[in-house]
Amino acid sequence: MTFSVAARCPSTGALGAIVTSSSPAVGARCPWIKSKVGVILTQNVTDPRLADIGLATLEKGYDAKAAIRTMAAASDFPEYRQLAIVDENGGSSVFTGNKALGIHGDFCADNVACIGNLLSDPTIPKMMGLHFNSLQDYPLAERLISTIELGFEKGGELDDEHSIALLIYHPDAPFAFVDLRVDYSEAPLYDLKKLWEIYGPQAENYKVRALEPESAPSYGVKGDE
């Protein structure tokens, strides 16, 4: 019911994920990031607890492949799980259990990992991963949005997608640089792109307000002088 992308920007060290599903509120369950540690996707009969195990493994200095093995081994039902990781160095790994739903696929390469289930085409994760790595000169948010949009264009899920989430962490802050979610919509990608049009130009300002409030720009609201 879900297809997704985990990624790292090699020029900035930023970590990001984008995920969409026919189920509601996919952003609450599937994408997990810790700054300077890694990105984890856990989906397909989702067990969010596995993300904590993967992040803890990465924090111990293990790479993405080791973290995937640890997550799969920790699950009582690994055959139902679909997992992806990109670590802080750009290493990546994926896992798809043999009871993954419907048509499924996965792909990983340097700085990107893509997974999907109940797909219209099993090659969608590979197409997304190759597309992501072709956009070297674009900011991470735009690369992720463009990559998931390609998944939609190639047929996406067999069912209609209804929720989507975009999550990005920068290495200089422990909190999310971007955390945008559309929990239920008839056009989730369109709604996310509209949200990004509004939030994107302000994202850096919100980080500055947290880390360096004395140098932050004005809020631009009534009463702010």
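Quick look at the structure, then. (Residues numbered from 1 in each chain as written. Predicted model: local features only at pLDDT ≥ 70, side-chain atom pairs only at ≥ 80, totals over all residues. Heavy atoms only, no water.)

### Observations regarding the layout of surface pockets
Heads up, the rule is: A pocket here means an open set of points on a 1 Å grid, computed over the protein atoms alone, that has protein on both sides within 12 Å along at least five of seven lines. A cavity is instead a set of points where a 1.4 Å probe fits but cannot get out; residues with an atom within 4 Å of a point line either one. Grid points are joined across faces, edges and corners, and a volume is the space filled by probe spheres set on the points. A helix here means a DSSP run of H or I that spans at least four residues, while a strand means a run of E at least two residues long, and both kinds are numbered starting from the N terminus. Residues are grouped as follows: Ala, Val, Leu, Ile, Met, Phe, Trp, Tyr, Cys and Pro are nonpolar; Asp, Glu, Lys and Arg are charged; every other residue, Gly included, is polar.
Size it by volume and the largest pocket reaches roughly 150 Å³. In terms of lining residues, the largest pocket is bounded by 13 residues, among which Thr12, Pro139, Leu140, Ala141 and His170 are the most central. Ranked by residues supplied to the lining of the largest pocket, first place goes to helix 4 (residues 140-153) with three residues. Looking at side-chain class alone, the lining of the largest pocket contains nine nonpolar, three polar and one charged residues.

### Things to note about the side chain of Thr42
For clarity, the threshold we go by: Residues adjacent in sequence count toward polar contacts only when both atoms are side-chain atoms; beyond that, a polar contact is any pair of N or O atoms within 3.5 Å, and within protein one must be able to donate a hydrogen and the other to accept it. Residue contacts are counted whenever heavy atoms from the two residues lie within 4.5 Å of one another.
Residue placement: Thr42 occurs in strand 4 (residues 38-43). Within the structure, the side chain of Thr42 is placed 3.2 Å from the backbone oxygen of Asp47, a separation counted as a polar contact. Beyond its immediate sequence surroundings of up to four residues, Thr42 is in contact with Arg29, Cys30, Trp32, Asp47, Pro48, Leu50, Ala51, Gln82 and Leu83.

### A word on a nonpolar patch on the surface
Our working rule: Patches were defined on residues exceeding 30% relative accessible area and lacking a salt bridge, with like-charge contacts within 9 Å and nonpolar side-chain contacts (Val, Leu, Ile, Met, Phe, Trp, Tyr) within 5 Å. Reported accessibility uses the Shrake-Rupley method at a 1.4 Å probe radius. Residues are deemed covered only where the shown protein chains occlude them. Any carboxyl oxygen of Asp or Glu within 4 Å of a side-chain nitrogen of Lys or Arg constitutes a salt bridge here. Each residue gets one of three labels from its accessible area relative to the maximum for its type: buried under 20%, exposed over 50%, partly exposed in between, using a 1.4 Å probe on protein chains only.
Together, Val45, Phe77 and Tyr80 give the surface a local cluster of nonpolar side chains, amounting to about 260 Å² of exposed area. Within the secondary structure layout, Phe77 lies in the loop between helix 2 (64-74) and strand 5 (82-87). Overall, the relative accessible area of 45% leaves Phe77 in the partly exposed class.

### Here's the deal with the packing of helix 3 (residues 124-134) against helix 4
As a reminder of what qualifies: Fitted lines through C-alpha atoms give the axes, limited to the stretch in contact for helices. The angle between two N-to-C directions lies from 0 to 180 degrees. Angle categories: roughly parallel below 35 degrees, roughly antiparallel above 145, roughly perpendicular from 65 to 115, and oblique for all the rest. Two helices that cross are described as forming a left-handed crossing if the nearer one is turned anticlockwise from the farther one by less than a right angle, and a right-handed crossing if clockwise.
Relative to each other, helix 3 and helix 4 sit at 150°, their axes nearing to 9 Å. When the axis of helix 3 is compared with that of helix 4, the two are roughly antiparallel. The element helix 3 and its partner helix 4 pack so that their crossing is right-handed. Here Ile124, Met127, Met128, His131, Phe132 and Asn133 of helix 3 lie close against helix 4, whose contacting residues are Leu140, Arg143, Leu144, Ser146, Thr147, Ile148, Leu150 and Gly151. Each residue belonging to the contact of helix 3 with helix 4 can be placed in one class, and the counts come to eight nonpolar, five polar and one charged.

### Focus on the side chain of Thr147
Summarising the element assignment, Thr147 is placed in helix 4. The exposure class assigned to Thr147 is buried, which follows from its relative accessible area of 0%. Of note is the side chain of Thr147, whose polar atom sits 2.7 Å from the backbone oxygen of Arg143. Discounting residues that sit within four places of it in the chain, Thr147 has contacts with Val5, Met128, His131 and Phe132.

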